[in-house]
Amino acid sequence: MDFFLSDPRRILYVWLLLMSLVLFFTMGADKRRAVKSLRRVPERRLFTLALLGGAAGGWLGMYAFRHKTKHGKFIFGFPLIALLQLGLCAYLAAG
């Protein structure tokens, strides 16, 4: 617990990492569902997870699973959100 208390920004960094992992694996699950013609993960949920901090994982998941790579809102949306989140981290890291 002292790890987080010594620098509260670490909570944000860990949150972004966890949310990125969640969205990365959600993209993989959605791709599997698409291949099997099962019920899909709604795009709104994917973007909600991205806005909650998982944009980098979603961006990586797009290309790792070759999923949503032809949809403009994902091609531009995930990287834009990820860059904004990265900018926030850089701003906070600079003090």
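The structure this text deals with has already been given above.
On a predicted model such as this, the values are computed, not experimentally measured, just so you know.

Conventions we followed
Residues numbered from 1 in each chain as written. Predicted model: local features only at pLDDT ≥ 70, side-chain atom pairs only at ≥ 80, totals over all residues. Heavy atoms only, no water. Salt bridge = Lys/Arg side-chain N within 4 Å of Asp/Glu carboxyl O. Helix = DSSP H or I, 4+ residues; strand = E, 2+ residues; numbered from the N terminus. Expected span 1.5 Å × (residues − 1). Buried < 20%, exposed > 50% of the residue type's maximum accessible area, 1.4 Å probe, protein only. Contact = heavy atoms within 4.5 Å. Core = buried A, V, L, I, M, F, W, Y, C linked by side-chain atoms within 4.5 Å. Patch = residues over 30% accessible without salt bridge, like charges linked within 9 Å, V, L, I, M, F, W, Y side chains within 5 Å. Areas by Shrake-Rupley, 256 points an atom, 1.4 Å probe, with all protein chains shown as cover. Lys, Arg positive; Asp, Glu negative; His and termini not counted. Charge placed at Lys NZ, Arg CZ, Asp CG, Glu CD.

Caption draft 1: Highlighting the pattern of salt bridges. Tallied over the entire structure, the rule returns four salt bridges. Between Glu43 and Lys68 there is a salt bridge whose closest N-O contact spans 3.2 Å. Placement of the pair is Glu43 in helix H3 (residues 43-64) and Lys68 in the loop between H3 and helix H4 (72-94), with a sequence separation of 25 residues.

Caption draft 2: Summary view of H3. Under the 1.5 Å per step criterion, the end-to-end length of H3 is only 18 Å for 22 residues, more than 12% shorter than the ideal 32 Å. Among the residues of H3, Leu46, Phe47, Leu49, Ala50, Gly53, Gly54, Ala55, Gly57, Gly58, Gly61 and Met62 are the ones counted as buried. Buried residues belonging to H3 abut helix H2 (9-35) and H4.

Caption draft 3: Here's a closer look at the nonpolar core. Leu23, Met27, Leu46, Ala50, Phe74 and Phe78 are the most contacted members of the largest nonpolar core, which has 14 residues in total. Elements with a minimum of two residues in this core: H2, H3 and H4. The leading source of residues in this core is H3, at six residues. Setting aside anything within four residues of it in sequence, one finds Phe78 in contact with Leu23, Met27, Leu46, Phe47, Ala50, Ala55, Gly58, Trp59, Met62 and Lys73.

Caption draft 4: Up close: a positive patch on the surface. On the surface, a cluster of positive charge is contributed by Arg32, Arg33, Lys36, Arg39 and Arg45. Tracing the sequence through the fold places Arg32 in helix H2.

That is the geometry; function is a separate question.
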